[in-house]
Amino acid sequence: MSGVQMIRVGADEGDQRLDRWLKKRFPQLSQGAVEKWCRTGQLRVDGGRVKAGDRIEAGQEIRVPPLPEAAPVTPKPAAARVADSDAEMIQRAVLWRDEHIIALNKPPGLPSQGGSGQGDRHVDGLTSALMFGYKDRPKLVHRLDKDTSGVLLLARTDRIARALSEAFRSRSTRKIYWAAVAGVPNPRMGTIRFGLVKAPGRGRGGEGEKMIAVHPRDIDKTEGAKRATTDYAALDALGSRASWCALVPVTGRTHQLRAHMAEIGHPIVGDGKYGGSGQENLGDGWGAQLGGDISRKLHLHARSIAFDHPITKRRITLTAPLPAHMQRTWASLGWAENDVPADPFEDET
């Protein structure tokens with residue numbers, strides 16, 4: 001067996017799960033071995049204990065315990081065949097593509113990747129249906145929450161994936177989300193700067209995935225808290241009951257938009273995790289359901305993304321139509337997609 005190794009995450013290796021990073025570097029590692037290292041505290045990131053599914057960032061230092069001897073190489077099993085219905089569904093979701101990049105309008109309810117409680121049906125598991133004659137399966141560049149719909153980018157090669165990942169890290173991409181939220185923010189345009197920290201504990205209900213907002217003054221003294229910034233603008237409203245907001249995640253933290261909007265008293269409609277399930281409008285902080293005929297699904301949609309193409313260097317802007325449940329809500333509330341600017345923050349930026 002080898003000795004303990006201290007490995008620095010490279011500039012092109014960040015923004016990925018710890019277990020996947022390890023298995024790329026050390027193919028002999030099993031998932032069980034990685035999880036055992038985490039349980040026993042032998043595997044650490046910047047000196048702290050971690051879970052196999054935690055995401056790592058460029059520059060972090062990984063303590064890797066002694067590696068087991070490499071097992072005899074056995075042929076990899078063939079990838080599971082994608083059902084025809086799933087292949088058709090994911091191909092219908094293609095919003096735009098060229099020889100380097102594929103953009104999907106991800107349906108709500110479909111996870112970006114597999115993981116605890118996510119099952120076997122997810123975008124990453126359906127990429128063999130998105131090869132379109134190329135030899136390699138496209139690779140996810142970023143993620144959307146399972147219940148969030150909208151623009152999701154995939155790269156056809158590792159080179160393009162690295163370039164796009166770096167663009168996300170350097171914030172040269174611009175993502176605008178649309179959401180229906182409880183109440184109307186005051187002021188109607190502003191910036192949210194609460195930090196975020198993972199809630200303690202884990203459970204079947206997903207408690208371990210929830211984020212807790214931390215006041216900016218307390219971020220530096222709260223263990224594990226990370227700074228997070230969201231720009232928001234109310235585009236239209238139904239009296240004081242609900243509003244249509246554009247949201248820009250300046251940083252890219254887990255559940256950032258959902259936790260931030262809930263923290264300022266305007267949770268996203270249909271967000272049972274951060275907004276509760278109350279039906280009454282009791283003012284700021286009321287539950288994230290509108291009642292009546294409005295869907296209980298999450299009303300959060302990655303409406304558009306703008307990025308510099310790694311090869312052509314042209315600025316590409318892609319816009320995704322609303323999913324069916326949000327279209328019905330917009331129609332019920334009298335909101336029209338063409339009545340608002342594509343980027344309401346343009347004058348500000």
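Here is what the cut-offs are and how they apply
- Residues numbered from 1 in each chain as written.
- Predicted model: local features only at pLDDT ≥ 70, side-chain atom pairs only at ≥ 80, totals over all residues.
- Heavy atoms only, no water.
- Helix = DSSP H or I, 4+ residues; strand = E, 2+ residues; numbered from the N terminus.
- Buried < 20%, exposed > 50% of the residue type's maximum accessible area, 1.4 Å probe, protein only.
- Contact = heavy atoms within 4.5 Å.
- Areas by Shrake-Rupley, 256 points an atom, 1.4 Å probe, with all protein chains shown as cover.
- Core = buried A, V, L, I, M, F, W, Y, C linked by side-chain atoms within 4.5 Å.
- Salt bridge = Lys/Arg side-chain N within 4 Å of Asp/Glu carboxyl O.
- Pairing = 2+ DSSP bridges.
- Polar contact = N/O pair within 3.5 Å; in protein donor to acceptor, adjacent residues only side chain to side chain.
- pLDDT = per-residue confidence, 0-100.
- Arc of directions from axis to C-beta.

Caption draft 1: Quick peek at the overall build of the protein. Scanning the protein from N- to C-terminus turns up seven helices and 18 strands. Looking at the protein as a whole, 46% of its 349 residues qualify as buried. Residue pairs at least 24 apart in sequence account for 64% of intrachain contacts in the protein once pairs closer than 6 positions are excluded. Total accessible area computed for the protein in this model is approximately 17,800 Å², and 47% of it derives from carbon and sulfur atoms.

Caption draft 2: Molecular detail of the nonpolar core. Grouped together as the largest cluster of nonpolar side chains are 31 residues, with contacts concentrated most on Ile90, Leu104, Val123, Leu247 and Leu300. Taken together, the elements giving at least two residues each to this core come down to α3 (84–92), β8 (101–106), β10 (149–155), β11 (174–182), β15 (230–238), β16 (242–249), α5 (256–263) and β17 (300–308). Each residue touching Leu247, except ones within four places of it in the same chain, is listed here: Lys175, Ile176, Tyr177, Ala179, Asp231, Tyr232, Leu257, Met261 and Leu300. Counting residues in hydrophobic clusters, the runner-up holds 18 residues, among them Leu18, Leu29, Cys38 and Val45.

Caption draft 3: Highlighting the pattern of salt bridges. Inspection of the entire model under this criterion finds 19 salt bridges. A salt bridge links Asp54 to Lys198; the nearest nitrogen and oxygen atoms lie 2.9 Å apart. Note that Asp54 is positioned in the loop between β4 (48–49) and β5 (55–56) and Lys198 in strand β13 (residues 195–198), a separation of 144 residues in sequence. Taking the relative accessible area as the measure of exposure, Asp54 reaches 17% and is therefore buried. In this structure, Arg253 engages Glu57 in a salt bridge whose closest nitrogen and oxygen atoms are separated by 3.6 Å.

Caption draft 4: Region of interest: the sheet that holds strand β6 (residues 61–64). Strand order across the open sheet formed by four strands is β1-β6-β3-β4, with antiparallel pairing between neighbours. Taken across any chain shown, the strands that pair with only one partner, and hence form the sheet edges, are β1 (5–8) and β4. Of the pairings in the sheet, the one linking β1 to β6 comprises four bridges and is antiparallel in character. When the sheet's bridge partners are listed, Arg8 is paired in β6 with Glu61.

Caption draft 5: Main features of the pairing of β8. The buried count for β8 comes to six of six residues, which makes it a mostly enclosed element. What you see with β8 is no split at all: Ile101, Ala103 and Asn105 on one side and Ile102, Leu104 and Lys106 on the other are buried throughout. The pairing of strand β7 (residues 94–97) with β8 spans three bridges and is antiparallel. Within β8, the position partnered with Val94 by the bridge is Leu104. The turn linking β7 back onto β8 is made up of three residues.

Caption draft 6: Region of the structure containing the side chain of Thr230. With respect to the helices and strands, Thr230 occurs in strand β15. Within polar-contact distance, the side chain of Thr230 engages the side chain of Gln256 at 2.8 Å.

Caption draft 7: Region of interest: the environment of Met131. Structurally, the position occupied by Met131 is in the loop between β8 and β9 (139–140). Not counting residues up to four positions away in its chain, the partners in contact with Met131 are Asp136, Arg137, Pro138 and Arg156.

Caption draft 8: Region of interest: the confidence of the model for the protein. On average, residues of the protein score 87 in pLDDT, and 86% of them are at 70 or above. Looking over the protein, one finds the lowest element-wise mean pLDDT in helix α6 (residues 272–275), namely 86, and the highest in β8, namely 98. Low pLDDT, under 50, characterises residues 278–287; the predicted model gives this stretch 23 contacts beyond four residues in sequence or across chains.

Caption draft 9: Spotlight on α5. When you tally the buried positions in α5, you get six out of eight residues, the bulk of the element. Gly265 sits one or two positions beyond α5 and adopts a positive phi of about 90°.

Caption draft 10: Spotlight on the side chain of His325. Residue placement: His325 occurs in helix α7 (residues 324–333). The class for His325 is buried, based on a relative accessible area of 3%. Not counting residues up to four positions away in its chain, the partners in contact with His325 are Pro108, Ser295, Lys297, Leu298 and His299.

Caption draft 11: Looking closely at helix α2 (residues 31–40). All of the buried residues in α2 are Val34, Trp37 and Cys38. For α2, the arc enclosing every buried residue in end-on projection is 100°, short of the 170-degree limit, so these residues lie on one face. If you follow the buried residues of α2, they end up packed against α1 (18–25), β4 and β6. A positive phi of about 75° marks Gly41, the residue just after α2.

Caption draft 12: Inspection of unusual backbone geometry at higher detail. Following Asn186, the chain continues into Pro187 via a peptide bond in cis, with omega recorded as 5°. Of note, Pro187 is situated in the loop between β11 and β12 (189–192). Despite not being glycine, Asp46 has its phi angle at roughly 50°, a positive value. Residue placement: Asp46 occurs in the loop between β3 (44–45) and β4.

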